[in-house]
Protein chains: 2
Amino acid sequence: VALRLGLIGFGGVNRALVDLLQSRGLSGNGEFIITAVYDLRSGSAFDRNGIDFAALSSAGTESDALHAISEHRFTDGGDLVGSDAVDVIVEASYTNAESGEPALSLCRRALDAGKHVVTTNKGPVAFGLRDLTGLAKVKRKDFLFEGAVMSGTPVLRTIRNCLPGARVNGFRAILNGTSNYILARMESGQSFPDALKEAQSKGYAEADPTADIEGADVALKVAILANLLFGTDIRPHEISCSGISGLTPEMAIAAREDGMRWKLIGQASRLEDGSYRAQVGAMKLMDRDPLASVNGVTNAITLLCDPLGPVTICGPGAGRVETAYAILSDLLDIASHI
Amino acid sequence: VALRLGLIGFGGVNRALVDLLQSRGLSGNGEFIITAVYDLRSGSAFDRNGIDFAALSSAGTESDALHAISEHRFTDGGDLVGSDAVDVIVEASYTNAESGEPALSLCRRALDAGKHVVTTNKGPVAFGLRDLTGLAKVKRKDFLFEGAVMSGTPVLRTIRNCLPGARVNGFRAILNGTSNYILARMESGQSFPDALKEAQSKGYAEADPTADIEGADVALKVAILANLLFGTDIRPHEISCSGISGLTPEMAIAAREDGMRWKLIGQASRLEDGSYRAQVGAMKLMDRDPLASVNGVTNAITLLCDPLGPVTICGPGAGRVETAYAILSDLLDIASHI
């Protein structure tokens, strides 16, 4: 029997997922079928027996493009979540950095309705990890979110499955490719505004780059990682947070001359007294720090493990296909549990 | 019920394991007990109900030191492997780089006798991965060897558990801390013989450093990784292999001035026609390569994943406690399957 997927959000990531399932021969009976899709802009589609993959692949991006596929319409994401023709909700909609909504409520509703949930959206995980994980446990369903941190680079999976018997007492990480790219350009003498403009022209930075350069995007990821590692319930806005807009090319160049590099670092640690510290800010790292040489849009995290010491994982931090792969890896995990 | 461990080899690694099990509260009923130990030099000990951990911890390193603990003697490792009081053989003896023996035969015998096998010894894995994995499958036992590559850094576990749905088409890696340390010293102008002498005085290099500096140690690890990733049965001596003794400080310094660094790289890849290539040799890497900044005795591997691209894992490549942790992680995996 195929796992029946309901996609919420039909932008680059979930479109890449459709292609990935097809190219891997995982689309169809025995593997995965897509029975429902809802997107704020592209509209919705439904087929209890599985929507034709080719039709989804070729769907345009114009308003209500999905409506050409099927008669049935969902009024919103919540309507889709209630469908009895869906086993797994794949949530890849827009991140709301203030509250995680409406994705947070949607994920809760989906778990409540007895669906597995896979999300690449930082919002619901940063604001609701404890809550949603607890609910998933009660419902005996999976709540998985590998794509919420460093896209498909297997960071969360490593923390969960690959360090049995080790205690991770903290981490330091480069979790935003945009700011990392800008910092590298400033080391070559470019001013902050020029480097930002270049990042925007290359598609690395959004029209409103505030969340990337002032640390708010990193704070969401630090909250996710800290809460996953420490079992805490830290909220993103409780994390002391600053960005890179105060740095100048002169500072970046001077650091290089001293054998150091400025990086925007998100970090958290477990203190001796059992409390926790989490923060985001620009830091000078020694050249020999494994994070110092992480370039461009690549991301990286150093896990401080006891015993073992520092273990660093570097990989893509974003990207349509890379994030779609994160979903695929979560879906295969769910399939393997069934 | 406790899993009953039989330790083969009682040097630094298995002694560190004894301490680690105790400090983690995993020594005793419900967790792990050690019923049998055999070491070529320290002799042997046995207690069907579990040897006292404190007695093992305080055992000296002199000849036959273990004989103070119990009456029962094993004549050799094979004798221990046959014991009906052992569920898991923990093999951490000396690596024979020519044939993997006698550890290879011991592991085979242990699996044949229906024991799980955990080893940190590169020999049996490099020469017998396909054979031993097949046997373990037939016997429905685990054959685990996280510690054979990069000590406890979870490289093999990541390959096995953390990249579902991805194809790893190749890897490039720094797998020998001794040669990596020497290369760094040569970048500071030290001659090869002086750098080697310094590595020896710090305990990073053996009295006979040939296997470390001429690539044979790396070739064992490349065979393990390639065979695990590609399902091949490549033998270490089939891998084209050269080392770092031909490099000079002048070459190391000139590379740095060009924004590059010499590294001893082990690599393998799957080619388009389905064949495989594996080799070991010194290479100049661009500064921006994540492996270029891997310093001292740290090891690292870049996995070339489809989709996803390069994912790099850096961590300790050796060490008593780090390797003992690898055993612990394998033991916890076995315990979780039971």
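Residues numbered from 1 in each chain as written. Chains lettered and ligands numbered in written order. Predicted model: local features only at pLDDT ≥ 70, side-chain atom pairs only at ≥ 80, totals over all residues. Heavy atoms only, no water.

1. Considering the relation of the copies chain A and chain B
And then number 1: The transformation that overlays chain A on chain B combines an axial shift of 0.0 Å with a rotation of 180°, and the residual RMSD is 0.0 Å. Look at the turn and shift together and you get a two-fold axis relating the two. Nearest to the rotation axis, the C-alpha of A:I313 is located 2.3 Å from it, this being the minimum over chain A.
And then number 2: When the interface residues of chain A are mapped onto chain B, 100% of them again fall at the interface, so both copies present the same face. (Least-squares fit on C-alpha atoms with pLDDT ≥ 70 in both. Contact = heavy atoms within 4.5 Å.)

2. A short note on the interface of chain A and chain B
And then number 1: On the side of chain B, 34 residues touch chain A, which itself brings 34 residues to the contact.
And then number 2: Inspection of the chain A/chain B interface yields two salt bridges.
And then number 3: Two residues, B:D306 and A:R24, come together in a salt bridge whose shortest N-O distance is 3.3 Å.
And then number 4: For the side of chain A that touches chain B, the elements supplying multiple residues, two or more each, are α6 (155-161), β12 (309-316) and α12 (320-337) of chain A.
And then number 5: Here the side of chain A that touches chain B is composed, by residue class, of 17 nonpolar, ten polar and seven charged.
And then number 6: As paired elements, β12(A) and strand β12 (residues 309-316) of chain B share three bridges and run antiparallel to each other. Counted as the bridge partner of A:C314 is B:T312 from β12(B). (Salt bridge = Lys/Arg side-chain N within 4 Å of Asp/Glu carboxyl O. Helix = DSSP H or I, 4+ residues; strand = E, 2+ residues; numbered from the N terminus. Nonpolar A, V, L, I, M, F, W, Y, C, P; charged D, E, K, R; others polar. Pairing = 2+ DSSP bridges.)

3. Remarks on the pattern of salt bridges
Residue and element names in this part refer to chain A.
And then number 1: One pass over the full model with this rule turns up 32 salt bridges over all chains.
And then number 2: For D287, the salt bridge identified is with R256, shortest N-O distance 3.9 Å. One end of the pair, D287, is in the loop between β10 (276-286) and β11 (298-306); the other, R256, is in helix α11 (residues 249-257), with 31 residues separating them in the sequence.
And then number 3: Owing to a relative accessible area of 34%, D287 belongs among the partly exposed residues under this scheme.
And then number 4: Look at the salt bridges and you will find they share partners, linking E146, R157, D330 and D333 into a network. (Buried < 20%, exposed > 50% of the residue type's maximum accessible area, 1.4 Å probe, protein only.)

4. Some details on the sheet that holds β12(B)
And then number 1: Ordered by their spatial adjacency, twelve strands build an open sheet running β8(A)-β10(A)-β9(A)-β7(A)-β11(A)-β12(A)-β12(B)-β11(B)-β7(B)-β9(B)-β10(B)-β8(B), and the pairing between neighbours is mixed. This sheet does not close on itself; its edge strands, each paired only once, are β8 (240-241) of chain A together with β8 (240-241) of chain B.
And then number 2: Strands in contact with helix α10 (residues 216-230) of chain A are β7 (167-174), β8, β9 (260-270), β10 and β11 of chain A; relative to β9(A), the strand with the most contacts, it is inclined by about 35°.
And then number 3: Lying over the sheet, helix α7 (residues 177-187) of chain B contacts β7 (167-174), β9 (260-270) and β11 (298-306) of chain B, oriented at roughly 150° with respect to β9(B). (Axes fitted to C-alpha atoms, helices over the stretch in contact; angles between N-to-C directions.)

5. What about the packing of helix α5 (residues 122-139) of chain B against helix α10 (residues 216-230) of chain B?
Residue and element names in this part refer to chain B.
And then number 1: Packing of α5 against α10 brings their axes to within 9 Å, and their N-to-C directions diverge by 50°. Relative to α10, the element α5 lies oblique. Like other packed secondary-structure pairs, α5 and α10 cross with a definite hand, here left-handed. Taken together, the residues of α10 that come into contact with α5 (itself represented by K122, V125, A126, F127 and L129) are D217, L220, K221, A223, I224, N227 and L228.
And then number 2: In terms of residue class, the contact of α5 with α10 is made up of eight nonpolar, one polar and three charged. (Parallel < 35°, antiparallel > 145°, perpendicular 65-115°, else oblique. Left-handed = near helix turned anticlockwise from the far one by under 90°.)

6. Some details on the nonpolar core
A general tendency of soluble globular proteins is for nonpolar side chains to be buried together.
And then number 1: Grouped together as the largest cluster of nonpolar side chains are 212 residues, with contacts concentrated most on A:I34, A:F171, B:I34 and B:F171.
And then number 2: For this core, the element with the most residues is α10(A), which contributes eleven residues.
And then number 3: Leaving out residues up to four positions away in the same chain, A:I34 has contacts with A:L5, A:L7, A:V18, A:L21, A:D47, A:G50, A:I51, A:F53 and A:L56. (Core = buried A, V, L, I, M, F, W, Y, C linked by side-chain atoms within 4.5 Å.)

7. Describing the pairing of strand β2 (residues 32-39) of chain B
Residues and elements named next belong to chain B.
And then number 1: Within β2, eight of the eight residues are buried, leaving the element largely enclosed by the surrounding structure.
And then number 2: Pairing of strand β1 (residues 3-8) with β2 involves six bridges; the strand directions are parallel. Of the residues in β2, the one forming a bridge with L3 is F32.
And then number 3: In the classification by handedness, the crossover that spans β1, the intervening helix α1 (residues 12-23) and the parallel β2 is right-handed.
And then number 4: Across four bridges, the pairing between β2 and strand β3 (residues 43-46) is antiparallel. Along β3, the bridge assignment pairs D39 with G43. (Right-handed = clockwise from strand over helix to strand, strands pointing away.)

8. Some details on unusual backbone geometry
Residues apart from glycine generally show negative phi values, whereas peptide bonds are mostly found in trans.
And then number 1: The step from A:E101 to A:P102 runs through a cis peptide bond, and the omega angle for that step is 0°.
And then number 2: Its place among the elements puts A:P102 in the loop between β4 (88-91) and α4 (103-112).
And then number 3: Put simply, B:D306 and B:P307 share a cis peptide bond, and its omega is -10°.
And then number 4: Among the structural elements, B:P307 can be located in the loop between β11 and β12.
And then number 5: With a phi close to 60°, A:M150 is a non-glycine residue in the positive phi region.
And then number 6: For A:M150, the position within the fold is in the loop between β6 (143-144) and α6.
And then number 7: Classification of A:M150 by relative accessible area gives buried; the value is 1%.
And then number 8: In this structure, B:S151 is a non-glycine residue whose phi angle is positive, near 45°.
And then number 9: On the secondary structure map, B:S151 appears in the loop between β6 (143-144) and α6 (155-161).

9. Focus on the confidence of the model for chain A
The predicted structure's coordinates, where accompanied by low pLDDT, should not be read in detail.
And then number 1: Of the residues in chain A, 100% have a pLDDT of 70 or more, and the chain-wide mean is 95.
And then number 2: Both confidence scores are given for the complex: pTM 0.96, ipTM 0.96. (pLDDT = per-residue confidence, 0-100.)

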